[in-house]
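# Chains, contacts and geometry: an overview
Below, each chain spelled out in residue letters.
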Amino acid sequence: MSIEIANESGVDVDETSIVSAARFALDKMEVSPLAELSILLTTLDVMSDLHERWMDLPGPTDVMAFPMDELDSSRRPDAPDASPALLGDIVLCPAFAKDQAKKAGHALLDELHLLTVHGVLHLLGYDHAEPAEEREMFGLQKRILGEYQAAVAAFDRRDAQRSADERLLGTAGLDTVPPAEEPPA
């Protein structure tokens, strides 16, 4: 799965983590590994322009999704020449998301993860215009985000345990590998 990210927002964020959240969501939604996705982080002015141009709504917003191709789920797995499916673009506005994160009581990166998952779901055809659609999409978004956060927490625990184990082994002098003996001449 190819995920490209460009940060033109002027806000320093963990781009790798945003890509990770997108990849996790796509995997959970069983999107083809041949899929391609683009993520753009942009300024308030650019987002405002996009929002007005494409949604006919004034001012900036937090996330916009621009789908490109539909995935060909009817394609046989043994068909030759499978080509990548271009899912589309997700545009995030960290400056706008910063206020939302503060109101929600969590970090900006958590808000960007939420918006990334939200954008992925929009690219896959989910919407929240009607109450039933909103329940479905937001329920799915909450589940995927919760599973992502649990996976990240589990990774962090394993990483912390590995570091603690390495420090303990170092203190005991067991972290170094003895030099290999010279082969006989």
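In this text, all values refer to a predicted model and were calculated from it rather than measured experimentally. All residue numbers refer to positions counted from 1 along the written sequence of the respective chain. With pLDDT at 70 or above as the cut-off, local features in this predicted model cover only qualifying residues; side-chain atom pairs require 80 or more to be listed or tallied, and sums for whole chains, interfaces and linings still use all residues. Side-chain metrics in this entry use all non-hydrogen atoms of the structure; hydrogen atoms and water are not considered.

### Section: the environment of Leu145
Which entries qualify depends on this criterion: Secondary structure elements are taken from DSSP: a helix is a run of H or I of four residues or more, a strand is a run of E of two residues or more, and numbering for both begins at the N terminus. Each residue's exposure class comes from its accessible area (1.4 Å probe, protein chains only) as a fraction of the maximum for that residue type: buried when under 20%, exposed when over 50%, partly exposed otherwise. By the convention used here, residues are in contact when the closest approach between their heavy atoms is within 4.5 Å.
Mapped onto the secondary structure, Leu145 falls in helix α5 (residues 131-171). A residue is classified by how much of its surface remains accessible, and Leu145, at 9% relative accessible area, is buried. As a C-alpha pair, Leu145 and His118 span 27 residues in sequence and 9.4 Å in three-dimensional space. Beyond its immediate chain neighbours, meaning those up to four positions away, Leu145 contacts His113, Leu114 and Val117.

### Some details on the packing of helix α4 (residues 108-123) against α5
Threshold: In this description, a line fitted to the C-alpha atoms serves as the axis of each element, helices being fitted only across the stretch in contact, and the angle between N-to-C directions of two axes falls anywhere from 0 to 180 degrees. Working definition: roughly parallel below 35 degrees, roughly antiparallel above 145 degrees, roughly perpendicular at 65 to 115 degrees, and oblique for all remaining angles. Should the near helix be turned anticlockwise from the far one by less than a right angle, the crossing is left-handed, and should it be turned clockwise, the crossing is right-handed.
Packing of α4 against α5 brings their axes to within 10 Å, and their N-to-C directions diverge by 130 degrees. What the angle tells us is that α4 and α5 run oblique. Crossing hand, α4 versus α5: right-handed. Residue-level contacts link His113, Leu114, Val117, His118, Leu121 and His122 of α4 to Met137, Phe138, Leu140, Gln141, Ile144, Leu145 and Tyr148 of α5.

### A look at a nonpolar patch on the surface
The condition that has to hold: Patch rule: a residue counts if its relative accessible area is over 30% and it has no salt bridge; like charges are joined within 9 Å, and nonpolar side chains (Val, Leu, Ile, Met, Phe, Trp, Tyr) within 5 Å. A 1.4 Å probe and the Shrake-Rupley method give the accessible areas. Residues count as covered only by the protein chains that appear here. Salt bridges are identified by distance alone: a Lys or Arg side-chain nitrogen within 4 Å of an Asp or Glu carboxyl oxygen.
On the surface, Trp54, Met55 and Leu57 cluster together into a nonpolar patch covering about 340 Å² of accessible area. In this structure, Trp54 sits in helix α2 (residues 44-55). A relative accessible area of 53% means that Trp54 is categorised as exposed.

### Things to note about the nonpolar core
Heads up, the condition is: To qualify as a nonpolar core, a set must consist of buried Ala, Val, Leu, Ile, Met, Phe, Trp, Tyr and Cys residues joined through side-chain atoms within 4.5 Å.
One finds Leu37, Ile39, Ile90, Leu92 and Leu112 to be the most contacted residues of the largest nonpolar core, which totals 32 residues. Of all the elements in the fold, those that place two or more residues in this core are α1 (15-28), β2 (36-41), β4 (86-92), α4 and α5. Those residues in contact with Leu37 that sit more than four places away from it in its chain are Ser2, Ile3, Glu4, Ala22, Leu26, Gly88, Ile90, Val120 and Leu123. Among the nonpolar cores identified, the runner-up in size contains six residues, and Met47, Leu50, Val91 and Cys93 belong to it.

### Description of the pairing of strand β1 (residues 2-7)
Side chains on a regular strand alternate between the two faces of the sheet. The criterion, for reference: A pair of strands is considered paired only if DSSP assigns at least 2 bridges between the two.
When β1 meets β2, the two strands line up parallel, connected through six bridges. Looking across to β2, one finds that Asn7 is bridged to Leu41.

### Description of α5
Cut-off, in case you're wondering: Helix span, as expected, comes to 1.5 Å for every residue beyond the first.
End to end, α5 covers 59 Å across 41 residues, agreeing with the expected 60 Å (1.5 Å per residue, within 8%). Of all the residues in α5, the buried ones are Met137, Leu140, Gln141, Ile144, Leu145, Tyr148 and Ala154. Lining the buried residues of α5 we find α1 and α4. Once α5 finishes, Gly173 follows within two positions and takes phi at roughly 75 degrees, a positive value.

### As for helix α3 (residues 94-104)
Worth spelling out the cut-off: Each C-beta atom gives one direction from the helix axis, and the arc is the one those directions make.
Those residues of α3 lying buried are Pro94, Ala97 and Ala101. Mapping the buried residues of α3 onto a view down its axis gives an arc of 55 degrees, with all of them on the same face. Opposite the buried face of α3, by more than 90 degrees, sit the exposed residues Lys102 and Lys103. Tucked inside the fold, the buried residues of α3 contact β2, β4 and α4. Once α3 ends, the next one or two residues include Gly105, with phi positive near 80 degrees.

### A look at the sheet that holds strand β3 (residues 63-67)
Strand order across the open sheet formed by four strands is β1-β2-β4-β3, with mixed pairing between neighbours. Two strands lie at the open edges of the sheet, namely β1 and β3, each paired on one side alone. Within this sheet the neighbouring strands show an average axis-to-axis angle of 15 degrees, counted without direction. In terms of strand pairing, β2 meets β4 through six bridges, oriented parallel. Each residue of the ladder has a partner; that of Ser38, found in β4, is Asp89.

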